[in-house]
Amino acid sequence: MTNRSSRIGTIVVAFLVGLAYGTLGTVGHRATLQVGEVSIPWGLVAALVGVAALLLGMRLVAGGRAAAAAAGAGIVVAVAVLTLPGPGGSVLIVGDLTGTIWSVAPALIAVFVVAWPKLPSRQPRDA
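These remarks concern the structure in this document. (Residues numbered from 1 in each chain as written. Predicted model: local features only at pLDDT ≥ 70, side-chain atom pairs only at ≥ 80, totals over all residues. Heavy atoms only, no water.)

### Focus on the pattern of salt bridges
Pairing between side chains of opposite charge can happen when the charged atoms of each approach one another.
Moving on, step 1. For the structure on display, the rule yields one salt bridge.
Moving on, step 2. In this structure, R30 and D96 form a salt bridge, with 2.9 Å as the shortest nitrogen-oxygen distance. Taken together, the positions of R30 in the loop between α1 (3-28) and β1 (33-35) and D96 in the loop between α3 (65-83) and α4 (97-115) put the pair 66 residues apart, joining distant regions of the chain.
Moving on, step 3. On the basis of relative accessibility, which here comes to 34%, the residue R30 falls in the partly exposed class.
Moving on, step 4. We classify D96 as partly exposed; its relative accessible area is 28%. (Salt bridge = Lys/Arg side-chain N within 4 Å of Asp/Glu carboxyl O. Helix = DSSP H or I, 4+ residues; strand = E, 2+ residues; numbered from the N terminus. Buried < 20%, exposed > 50% of the residue type's maximum accessible area, 1.4 Å probe, protein only.)

### Points about the packing of helix α2 (residues 42-62) against α4
Moving on, step 1. Packing of α2 against α4 brings their axes to within 10 Å, and their N-to-C directions diverge by 20 degrees. Considering their axes alone, α2 and α4 lie roughly parallel with respect to each other. Where α2 crosses over α4, the handedness of that crossing is right-handed. Across the interface between the two elements, L44, A47, L48, V51, A52, L55, L56 and R59 from α2 touch T98, I101, W102, A105, P106, I109, A110, V113 and V114 from α4.
Moving on, step 2. Grouping the amino acids of the contact of α2 with α4 by side-chain chemistry returns 15 nonpolar, one polar and one charged. (Axes fitted to C-alpha atoms, helices over the stretch in contact; angles between N-to-C directions. Parallel < 35°, antiparallel > 145°, perpendicular 65-115°, else oblique. Left-handed = near helix turned anticlockwise from the far one by under 90°. Contact = heavy atoms within 4.5 Å. Nonpolar A, V, L, I, M, F, W, Y, C, P; charged D, E, K, R; others polar.)

Printed below as a string of structure tokens:
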């Protein structure tokens, strides 16, 4: 397998993984925990932490920005498609604060992770 074809394969797999995670995050972002009078949106927090972890992992493991960008694009595509109403008129992402955060935050996280500068590698000092 050539270097170019393996790179394209990595990008395609990253996009598909992002698409799957975006779908799962959209389904689970509405989960809440009721503590007294306070409703804690643990599903949204877990989904956003998962987005950040997935994209950081892609960036570190794949060794570049392309795989992280492809995974971020997959997440954004899944969220955008699942924002649309279904055949019966039902929606998975409601137009409230939680839905708005889930609609916008994954794209912002993706931009942040992809745009973060590459840190120089540490060179050992000679004694």
